[in-house]
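# Analysis of the macromolecular model
Okay, here's what each chain looks like letter by letter:
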Amino acid sequence: MSTDRNTSTSGRPSTRIVTVTPNPSLDRTIELAGELQRGAVQRATRSTAEPGGKGVNVSRVVVASGGDTIAVLPGDELDPVLLGLATRGIPTAAMAIGAPLRSNVTVTEPTGTTTKLNEPGPSLAGRLDEFAALVADSAGPTPTGPGARWVVLAGSLPPGLPDDALAVLVRAVRARHGDDVRIAVDSSGVPFTALLQSGERIDLVKPNAEELAEVVGGDPDEYERDLDAAAAAADRLRSRGVDSVLLTLGSAGAVLVGPEGSFAAAAPRIVARSTVGAGDSSLAGYLLAEVAGARPEERLAQAVATGAAAAALPGSDVPALDHTDPSAVEVRSLRPATTSAATPGTAPEPTPEPTPEPV
């Protein structure tokens, strides 16, 4: 009996989440006892180092929650990032580059204020086609299971890759797997704008308020104050080949807009220790709920609960789903979706000039 390549032999859909991090890092987090004083010498109360990058963080949450994932990234076998992932039991598919991956430094204050210093990363000039092939291979069936349900393209691009690299990666996955694999994107700046203008269909994007304003205009502060305005702005993305939008708004909560309608969720009250990886954890929570068959409002509740749990942890620690409480997240329905995702190949709406991509 034949089965869909993204369905197991038992007939259950795949639950595997493949993450793609083109510009991974070793994330060092330094915790201070007081406010960061510019130009002063201060002692840290705690310091940690974790393999990082947006896609890597999603895989870390998936593994912590007992899920199925593989992290695709550039890097050599003995690079500290790859060694750190191996130590934590996170499966990887890596493209050797013969150069060290970058290090990022985050300084956190007791109030939860976070200061980040990010290196640019090694150049991947001339390696995009090879990396795209690795991504497409990793999304396929394995000897022990079906192909991926989700491919997550996350984070900034390293030096040497063209602005349309995200679109190239999407095309590589679609050419090999068609619509059998769903694609989620968490990026910003010029590469994200280029992807939206490419006409490639995306199943899910996860911007924050500033990233949404980059591509549809408007005031990020207003989106955090007015969730109805945020939902209306997110809905405009759906005319550009995007099926669903998970808009994370920090302490204001989150909004989900898709074919099933628009929903808003308030964030639970927490004592924030570090916001590092909170948005990545939200995306992981959403995807884990989706592969488990949850309804849209349940996915949103799990996303908000997972992001809040991450923000309450020190440094770049990530939560497992069993350490979250989605039942404490209040979700309300805003209105039915009024805009359908654009058909691939149709002309997208004009996009505001993007700001430079954060790294």
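Residues numbered from 1 in each chain as written. Predicted model: local features only at pLDDT ≥ 70, side-chain atom pairs only at ≥ 80, totals over all residues. Heavy atoms only, no water.

## Digging into the overall build of the protein
- Along the backbone of the protein there are ten helices and 14 strands.
- Relative to all contacts within the protein whose residues are 6 or more apart in sequence, the contacts with residues 24 or more apart total 69%. (Helix = DSSP H or I, 4+ residues; strand = E, 2+ residues; numbered from the N terminus. Contact = heavy atoms within 4.5 Å.)

## A look at the pattern of salt bridges
- For the coordinates displayed, the defined rule picks out 19 salt bridges.
- The closest approach of N and O atoms between D317 and R46, which form a salt bridge, is 3.9 Å. Placement of the pair is D317 in the loop between α10 (296–311) and β14 (331–335) and R46 in strand β3 (residues 44–52), with a sequence separation of 271 residues.
- Classification of R46 by relative accessible area gives partly exposed; the value is 31%.
- Two residues, R174 and D179, come together in a salt bridge whose shortest N-O distance is 3.7 Å.
- The class of D179 is exposed, set by a relative accessible area of 56%.
- Salt bridges sharing common partners tie together R174, D179, R201 and D203. (Salt bridge = Lys/Arg side-chain N within 4 Å of Asp/Glu carboxyl O. Buried < 20%, exposed > 50% of the residue type's maximum accessible area, 1.4 Å probe, protein only.)

## Observations regarding the packing of helix α9 (residues 278–291) against α10
- The contact between α9 and α10 brings their axes to 7 Å, and the two run at 145°. The way α9 lies across α10 gives a crossing that is right-handed. On α10, the residues that touch A278, S281, S282, G285, Y286, A289 and E290 of α9 are R299, L300, Q302, A303, T306, G307, A310 and A311.
- Among the residues making up the contact of α9 with α10, the classes are represented as seven nonpolar, six polar and two charged. (Axes fitted to C-alpha atoms, helices over the stretch in contact; angles between N-to-C directions. Left-handed = near helix turned anticlockwise from the far one by under 90°. Nonpolar A, V, L, I, M, F, W, Y, C, P; charged D, E, K, R; others polar.)

## A short note on the confidence of the model for the protein
- Considering every residue of the protein, the mean pLDDT works out to 90; 89% of them sit at 70 or more.
- Contacts of residues 343–349 to residues separated by more than four positions or lying in other chains number nine contacts, the stretch itself having pLDDT below 50. (pLDDT = per-residue confidence, 0-100.)

## Regarding the nonpolar core
- Ranked by internal contacts, the top residues of the largest apolar core, which has 65 residues, are V151, L153 and V255.
- For this core, the leading source of residues is helix α4 (residues 165–177), giving eight residues.
- If we skip the residues at most four places from it in the chain, V255 touches L227, A230, A231, V245, L246, L247, L249, F263, A264 and L300. (Core = buried A, V, L, I, M, F, W, Y, C linked by side-chain atoms within 4.5 Å.)

## So, the pairing of strand β11 (residues 242–248)
- With six of its seven residues buried, β11 lies for the most part within the structure.
- With three bridges joining them, strand β10 (residues 202–205) and β11 adopt parallel strand pairing. The residue of β11 that forms the bridge with I202 is V242.
- With four bridges joining them, β11 and strand β12 (residues 254–258) adopt antiparallel strand pairing. Bridge pairing in β12 links L246 to L256.
- Count of turn residues in the β11/β12 antiparallel hairpin: five residues, of which G250 carries a positive phi of about 60°. (Pairing = 2+ DSSP bridges.)

## Comments concerning the sheet that holds strand β13 (residues 261–265)
- What the ten strands build is an open sheet, ordered β5-β4-β1-β8-β9-β10-β11-β12-β13-β14; its pairing is mixed. Two strands in the sheet have a free side with no partner beyond their single neighbour: β5 (92–95) and β14. Neighbouring strand axes in the sheet, compared pairwise and without regard to direction, differ in orientation by 20° on average.
- Pairing of strand β9 (residues 182–186) with β10, which is carried by two bridges, proceeds in the parallel orientation. Considered in β10, the bridge of V185 is made with V205.
- Running at roughly 60° to β14, helix α8 (residues 227–236) makes contact with β11, β12, β13 and β14 of the sheet.

## Describing the sheet that holds strand β7 (residues 114–118)
- An order of β3-β2-β6-β7 is seen for the four strands of this open sheet, with the pairing classed as mixed. Unpaired on one side and paired on the other, β3 and β7 mark the two borders of the sheet. With direction set aside, neighbouring strand axes in the sheet form an average angle of 15°.
- Pairing geometry for strand β6 (residues 102–108) and β7, over five bridges, is antiparallel. Bridging from a neighbouring strand, T106 pairs with K116 of β7.

## Considering the packing of α4 against helix α5 (residues 189–198)
- Their axes nearest at 7 Å, the elements α4 and α5 cross at an angle of 50°. Here α5 runs oblique to α4, going by the angle between their axes. On α5, the residues that touch L166, A167, V170 and R171 of α4 are P191, F192, L195 and S198.
- The residue inventory of the contact of α4 with α5, partitioned by class, reads six nonpolar, one polar and one charged. (Parallel < 35°, antiparallel > 145°, perpendicular 65-115°, else oblique.)

## A few points about the side chain of N57
- You can see N57 is positioned in helix α1 (residues 54–64).
- By relative accessible area, which is 6% here, N57 ends up buried.
- Among the polar contacts listed, one links the side chain of N57 to the side chain of D280, at a separation of 2.8 Å.
- If near-sequence neighbours (up to four positions away) are discounted, N57 is found in contact with P51, G52, G277, D280 and V318. (Polar contact = N/O pair within 3.5 Å; in protein donor to acceptor, adjacent residues only side chain to side chain.)

## What about helix α6 (residues 209–216)?
- Of all eight residues in α6, seven are buried, a share of seventy percent or more.
- For α6, the full list of buried residues reads A209, E211, L212, A213, E214, V215 and V216.
- At its buried positions, α6 is contacted by β9, α5, α7 (220–225), α8 and β11.
- Of the residues that open α6, the one with a side-chain oxygen 3.2 Å from the backbone nitrogen of E210 is N208.

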